[in-house]
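The primary structure of each chain is shown beneath.
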Amino acid sequence: MIYADIIIDISSDKLDRSFQYRVPERLEKKIKAGMVAAIPFGNAGRVRKGYVIGLSDKPKIAPEKIKEISEICSGEETTESRLIALAAWMRENYGSTMIQALRTVLPIQEKIKAKEKKYICLDISEEAGTQLLKELEQTRFKARTRLLRELLEKKRLDYTHAAKELGTTSAVVKKFQEQGIIRIEYDEIMRTSLNTGDISEERRMPLTDEQEAAVKQIQREWKKPSPKPVLIEGVTGSGKTQVYIKLIEQTLSQGKEAIVLIPEIALTYQTVRRFYARFGDKVSVINSRQSQGERYDQFKRAKKGEVQVMIGPRSALFTPFASLGLIIIDEEHEPSYKSESTPRYHARETAIRRAVLEHANVVMGSATPSVEAYSKAMNGEYSLVRLTTRYGSRPLPRVSIVDLREELKAGNRSVLSRELRQKMKGRFEKKEQVMLFLNRRGYAGFVSCRSCGHVMKCPHCDVSLSEHNNERLLCHYCGYETGKPRICPVCGSPYIGGFKAGTQQIEKVVREDFPEVRTLRMDFDTTRTKGSYEKILAAFAAHEADILIGTQMIVKGHDFPDVTLMGIVAADLSLNAEDYRCAERTFQLLCQAVGRGGRGEKPGEAVIQTYHPDHYSIQAAAVQDYQAFYEEEMSYRMLLDYPPAAHMLAVLGSGPEDEKLVQAMYYLKLYIERIYRENDLHIIGPAYASVGKVKDIYRQVIYLKHKDHKTLVHIKDQLEKYIEINSGFRKIYIQFDFS
């Protein structure tokens with residue numbers, strides 16, 4: 001016997017209630033998760049429609065109390081049903097409850113009041129209105145007279161205009177309504193934060209021969225019975241966006257829609273300008289800086305068919321398009337495509353799964369593909385397309401590497417090396433623009449006592465506090481804030497200071513060295529407010545500044561033709577991260593940063609400042625040699641069984657009581673060893689996470705490595721059952737993270 005878990009009303013915000021129904025034998029081979037089913041509901045047995053979210057052979061209550069599904073509505077597959085099927089896949093592959101998965105793929109189900117505009121409309125004939133006006137003109141009811149005179153002329157008035165300009169009160173409106181003279185109408189207004197007023201028609205640049213060949217290669221792949229996802233490896237400035245636009249044009253011409261995923265809100269400004277200039281009102285955008293109402297309205301427009309192209313971060317993947325034809329993942333390598341909350345899905349794999357459900361295509365692009373994606377292209381799972389030259393055959397920037405150890409020996413203690421300062425001076429004299437990149441934020445890093453070495457730490461999180469320029473210390477995990485101490489709380493020394501430069505300190509140095517230069521800074525502090533990204537980028541594009549100083553958000557996807565010098569201030573800070581991907585992240589960041597220079601007619605240069613000039617990731621980034629980096633990196637991954645050489649599952653535990661968490665994670669490890677006795681499973685931990693406590697919640701992790709992904713999924717399934725029946729886990733929160 002098969003039983004189906006069914007949600008009755010997905011428009012409700014109470015998604016945490018499903019009902020179990022018996023599947024009749026005639027439907028057992030037809031029914032699948034995501035289908036629409038007709039079911040008897042309530043004591044009266046009224047037939048309603050619901051969505052199948054899961055199937056099981058075990059009843060949750062007494063079998064005789066379970067009602068039977070009436071029918072499968074096979075002709076009624078909806079956008080929601082396909083998204084629910086996607087949620088079921090995410091729940092299985094990433095580890096979460098079905099409710100958590102549903103809340104991820106159906107992010108607009110909150111009850112959000114529509115924004116409306118109110119109108120007063122004449123509801124009697126013109127003859128009757130004219131007669132009534134004559135009568136009113138003989139009375140003292142001046143406000144009624146003014147309103148009726150205006151209505152006879154315009155027939156429909158904006159309510160706000162009537163109140164402000166005509167002095168129409170609610171009492172006047174109510175009186176006319178009661179008499180049947182007027183009626184009130186409402187028009188729904190779609191909220192949007194997309195400012196398209198200054199976007200002009202794009203000058204259509206012809207595709208190069210290489211771009212044309214790439215498009216044709218992708219189109220050939222799409223014509224196959226089972227097309228593969230396509231990975232475009234294109235050097236910075238090779239014109240991947242123009243290829244995307246051509247593919248979107250083809251998709252729209254077939255009556256289908258497209259989703260364009262981008263990694264950062266900061267990319268939205270230029271990306272939207274390019275797509276809106278080509279596709280006009282067919283384009284919409286969502287991002288986390290929008291209000292809940294704005295996001296709700298854009299999804300609603302997509303569902304109604306008012307837009308055909310949705311641009312946004314990973315949440316845009318769940319846009320409820322009825323005829324989705326193409327999903328593009330730009331800058332495919334970006335870590336922001338991985339969710340940090342349960343379910344911890346990756347947009348790349350989830351997009352491919354949604355494409356299967358929708359019979360759509362997936363195209364990914366990057367100058368520095370993730371090692372995981374590139375390995376799949378190498379083994380034939382993805383189709384690989386290469387763009388090896390910049391648009392217009394422009395040369396890649398010339399790159400020089402500066403050893404900061406030698407700078408220190410020469411007596412230069414500035415954050416700017418002598419070579420970088422000299423090249424900046426030359427660019428400013430030529431009225432060209434410069435970008436300086438630092439992969440961290442804040443005025444300074446940790447603050448410590450120079451006498452005893454004590455580091456000022458957050459009392460709630462196991463991390464050091466960072467100093468900001470208002471003499472405040474801030475925790476970047478929980479937001480805890482305190483004043484900078486004048487003396488050391490341990491030894492009483494007055495020698496308290498911050499170390500390692502931040503963007504604000506770099507800006508200060510630049511202003512001291514080049515007082516006439518106009519600076520802009522783009523980091524966490526300067527982009528807190530809505531629209532701040534667009535303002536900073538627009539100002540730099542309009543030459544309102546000579547230099548843009550920033551963190552990672554300035555090096556990804558932006559195109560400023562007059563930037564001829566990129567300075568990477570501290571290239572290897574990310575090499576010291578506690579992550580097996582740190583060399584990959586460093587290589588990707590440096591390639592992206594170097595690629596910002598020389599994108600116009602003038603050639604570009606880049607200066608990489610580093611303490612590790614011989615590291616393979618820095619050497620490969622300097623010459624933009626992805627293949628050399630990939631081969632070196634994969635040798636290390638294979639040696640240590642890190643993805644993609646093997647699959648890895650992180651079991652993350654957290655709880656308010658340290659002792660109980662340690663005990664719970666120890667029992668999980670024992671259980672894993674009991675259910676899987678083969679020696680091809682590598683278990684690491686349990687150990688405290690890299691940040692062992694956040695907001696007074698302790699965190700531990702167990703890592704599992706295995707060659708077969710399905711083995712790890714099976715272990716995850718068994719752990720979920722073990723946790724569910726074991727009362728000791730009631731105060732322990734467990735997450736699963738596959739990589």
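Note: the structure precedes this text.
Residues numbered from 1 in each chain as written. Predicted model: local features only at pLDDT ≥ 70, side-chain atom pairs only at ≥ 80, totals over all residues. Heavy atoms only, no water.

## Observations concerning the overall build of the protein chain
Alright, step 1. Helix and strand content of the protein chain: 21 helices and 30 strands.
Alright, step 2. Taken over 739 residues, the protein chain has a buried fraction of 53%.
Alright, step 3. In the protein chain, the proportion of contacts linking residues at least 24 apart, taken out of those at least 6 apart, comes to 74%.
Alright, step 4. A total accessible area of about 34900 Å² is found for the protein chain, and carbon and sulfur atoms account for 48% of it. (Helix = DSSP H or I, 4+ residues; strand = E, 2+ residues; numbered from the N terminus. Buried < 20%, exposed > 50% of the residue type's maximum accessible area, 1.4 Å probe, protein only. Contact = heavy atoms within 4.5 Å. Areas by Shrake-Rupley, 256 points an atom, 1.4 Å probe, with all protein chains shown as cover.)

## Things to note about the pairing of strand β3 (residues 36-41)
Alright, step 1. Of all six residues in β3, five are buried; the element is thus mostly enclosed.
Alright, step 2. Here six bridges tie β3 to strand β4 (residues 46-56), and the two strands are oriented antiparallel to one another. Residue pairing across strands places Ala-37 opposite Gly-50, the latter belonging to β4.
Alright, step 3. The turn joining β3 and β4, which pair antiparallel and follow one another in sequence, is formed by four residues; a positive phi near 85 degrees is taken by Gly-42. (Pairing = 2+ DSSP bridges.)

## Concerning the sheet that holds strand β28 (residues 682-694)
Alright, step 1. Spatially, the four strands line up as an open sheet ordered β28-β29-β27-β30, and their pairing is antiparallel. The open sheet terminates on both sides in strands that have one partner only, identified here as β28 and β30 (733-738). Across the sheet, the mean angle from the axis of one strand to that of its neighbour is 20 degrees, orientation sign disregarded.
Alright, step 2. Here strand β27 (residues 647-655) pairs with β30 via six bridges, running antiparallel. In the sheet register, Leu-649 faces β30, and the bridge partner there is Phe-738. (Axes fitted to C-alpha atoms, helices over the stretch in contact; angles between N-to-C directions.)

## Looking at the environment of Ser-226
Alright, step 1. By secondary structure assignment, the location of Ser-226 is in the loop between α7 (209-222) and β9 (230-234).
Alright, step 2. Along the chain, Ser-226 and His-359 lie 133 residues apart, while their C-alpha atoms are 9.7 Å from each other.

## Let's talk about unusual backbone geometry
Alright, step 1. A cis amide bond links Thr-342 with the next residue in sequence, Pro-343, at an omega value of -5 degrees.
Alright, step 2. In this structure, Pro-343 sits in the loop between β13 (324-330) and α11 (347-358).
Alright, step 3. Of the consecutive residues Gly-685 and Pro-686, the connecting peptide bond is found in the cis state with omega at 10 degrees.
Alright, step 4. Turning to its location among the elements, Pro-686 is positioned in strand β28.

## Section: the sheet that holds strand β5 (residues 71-72)
Alright, step 1. Read across the open sheet, the five strands follow the order β2-β1-β4-β3-β5; overall the sheet is antiparallel. Among the strands making up the open sheet, the edge pair consists of β2 (19-22) and β5.

## Structural notes on the packing of helix α1 (residues 79-95) against helix α21 (residues 709-725)
Alright, step 1. Where α1 meets α21, the axes come as close as 8 Å, and the angle between the chain directions of the two elements is 95 degrees. Taken together, α1 and α21 sit at an angle that is classed as roughly perpendicular. Within the contact between the two elements, α1 uses Arg-91, Glu-92, Asn-93 and Gly-95 and α21 uses His-709, Val-713, Lys-716, Asp-717 and Glu-720.
Alright, step 2. Of the residues belonging to the contact of α1 with α21, the class tally is one nonpolar, three polar and five charged. (Parallel < 35°, antiparallel > 145°, perpendicular 65-115°, else oblique. Nonpolar A, V, L, I, M, F, W, Y, C, P; charged D, E, K, R; others polar.)

## Some words on the environment of Lys-707
Alright, step 1. Position of Lys-707 relative to the elements: it lies in the loop between β29 (697-706) and α21.
Alright, step 2. Sequence separation between Lys-707 and Ala-645 is 62 residues, and the spatial gap between their C-alpha atoms is 7.4 Å.
Alright, step 3. What Lys-707 contacts, discounting residues up to four positions off in sequence, is Asp-641, Ala-645, Ala-646 and His-647.
Alright, step 4. Among the polar contacts listed, one links the side chain of Lys-707 to the side chain of Asp-641, at a separation of 3.0 Å.
Alright, step 5. Engagement of the side chain of Lys-707 in a polar contact is seen with the backbone oxygen of Ala-645, the distance being 3.3 Å. (Polar contact = N/O pair within 3.5 Å; in protein donor to acceptor, adjacent residues only side chain to side chain.)

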